[in-house]
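Observations on the three-dimensional arrangement
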Amino acid sequence: MHVHATTTLSAETIKTRFEQVGSTESVTETPLIYAGERRPPKFFLPGMFVTPPAAAEVSITEKSSGADVVLRLMWGPLPAPFPRALAGIGLVLGLLILALSDRAMSSWLLASVFIVAPLTALLYQRQGERVLQSSLSAMLDGATFRPKPH
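Bear in mind that the values here come from a model prediction, so they are computed numbers and not experimental data.

Considerations on the nonpolar core
Ranked by internal contacts, the top residues of the largest apolar core, which has 24 residues, are Phe18, Phe43 and Leu71. Beyond its immediate stretch of four places on either side in the chain, phenylalanine 43 contacts Phe18, Val21, Leu32, Ile33, Tyr34, Ala54, Ala55, Ala56, Val58, Leu132 and Leu136.

Laid out in C-alpha cells, this is it:
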C-alpha cells in the first residue's frame, strides 16, 4: 500500500530532516530508525520480538512548488497487505478447524490461536503504519498522507 503527501518543503530539506531522525534535533519523539543508505531509503519502527516491525520505503520527488513524498508501507521486508492476508487465512483456518472438529477444548484452543495471532499481528501493523505516518507528517510540517493507488 502506498500513501502520498505533498509539501512545500524542498526535497533537500526533507532529506536533511529524515537524516536527523534519532538525533537530539529530531522533530518527532517517536523512536524511528532511518536507513538512508538503502535504495530506496527506508524507515523502521522498533518491532516486537514476535512480529516484524512496521516499515516504509520512501520516495521523494521534487516539484516546482515543493516535493511529493510517497511511502510504500511494509511489514518488515514484506508488503503491507501481507498481514491482512495472513489474518484472513488465519480466520478461515480457525473456522475450518471449528467446523470439522469434535468441539473439544483443544480444538477451540487451536482455532483461537489461528484466529487471534494473525489478527494481533494485523492490529500491531496498522498501529505501526499510523505511527509512521504521523511521525513523518510532523517532519513535513503537517503534510497529510493519503492512500494513493499504484
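The rest of the description comes next.
Regarding helix α2 (residues 81-100)
Structurally, the α-helix is built with 3.6 residues per turn, so residues lying three or four positions apart point the same way. Here α2 contains 20 residues, and its C-alpha end-to-end distance of 29 Å stays within 8% of the 28 Å for a straight helix at 1.5 Å per residue. Those residues of α2 lying buried are Pro83, Ala87, Gly90, Gly94 and Leu98. In an axial view of α2, the angular spread of the buried residues amounts to 65°, which keeps them on one side of the axis. Across α2 from its buried face, at more than 90 degrees, point the exposed residues Ala99 and Leu100. Among the structural elements, β5 (66-75), β6 (78-79) and α3 (105-139) are those in contact with the buried residues of α2.

Looking at the pairing of strand β1 (residues 2-7)
Pairing of β1 with β5, which is carried by six bridges, proceeds in the antiparallel orientation. Considered in β5, the bridge of threonine 6 is made with aspartate 68. Note: β1 against strand β7 (residues 146-147), two bridges, orientation antiparallel. Bridging from a neighbouring strand, valine 3 pairs with proline 147 of β7.

Points about a nonpolar patch on the surface
A cluster of nonpolar residues, Ile89, Val92, Leu93, Leu96, Leu100, Leu110 and Phe114, forms a patch on the protein surface that exposes about 650 Å² of accessible area. Of all the secondary-structure elements, those providing two or more residues to the nonpolar patch are α2 and α3. Per element, the largest residue contribution to the nonpolar patch is five residues, and it comes from α2. Positionally, leucine 93 belongs in helix α2. By relative accessible area, which is 35% here, leucine 93 ends up partly exposed.

A word on α3
Taking 1.5 Å as the rise per residue, α3 with 35 residues should run 51 Å; its terminal C-alpha atoms sit 50 Å apart, in good agreement. A positive backbone phi angle near 55° is found at aspartate 141, which sits one or two residues after α3.

As for the side chain of histidine 4
One can find histidine 4 in strand β1. Classification of histidine 4 as buried rests on a relative accessible area of 18%. When sequence neighbours within four positions are dropped, the list of residues in contact with histidine 4 reads Asp68, Val69, Val70, Thr144, Phe145, Arg146 and Lys148.

Remarks on the environment of serine 65
Relative to the assigned elements, serine 65 resides in the loop between β4 (54-63) and β5. Between the alpha carbons of serine 65 and lysine 15 there is a distance of 16 Å; along the sequence they are 50 residues apart. If sequence neighbours within four positions are ignored, serine 65 has contacts with Thr7 and Thr8.

Notes on the side chain of serine 107
Mapping serine 107 onto the fold places it in helix α3. Residues in contact with serine 107, not counting those within four places in the same chain, are Ile97, Leu98, Ser101 and Asp102.

Here's the deal with the pairing of β4
Of the strand pairs in this sheet, strand β3 (residues 42-44) and β4 are connected by three bridges, and their pairing is antiparallel. Paired with phenylalanine 43 across the bridge in β4 is alanine 56. Inspection of the sheet shows β4 paired to β5 by 10 bridges, in the antiparallel sense. Bridging from a neighbouring strand, glutamate 62 pairs with alanine 67 of β5. Counted between consecutive antiparallel strands, the loop separating β4 from β5 contains two residues.

Calculation criteria
Residues numbered from 1 in each chain as written. Predicted model: local features only at pLDDT ≥ 70, side-chain atom pairs only at ≥ 80, totals over all residues. Heavy atoms only, no water. Core = buried A, V, L, I, M, F, W, Y, C linked by side-chain atoms within 4.5 Å. Buried < 20%, exposed > 50% of the residue type's maximum accessible area, 1.4 Å probe, protein only. Contact = heavy atoms within 4.5 Å. Helix = DSSP H or I, 4+ residues; strand = E, 2+ residues; numbered from the N terminus. Expected span 1.5 Å × (residues − 1). Arc of directions from axis to C-beta. Pairing = 2+ DSSP bridges. Patch = residues over 30% accessible without salt bridge, like charges linked within 9 Å, V, L, I, M, F, W, Y side chains within 5 Å. Areas by Shrake-Rupley, 256 points an atom, 1.4 Å probe, with all protein chains shown as cover. Salt bridge = Lys/Arg side-chain N within 4 Å of Asp/Glu carboxyl O.

Read these as geometric descriptors, not functional statements.
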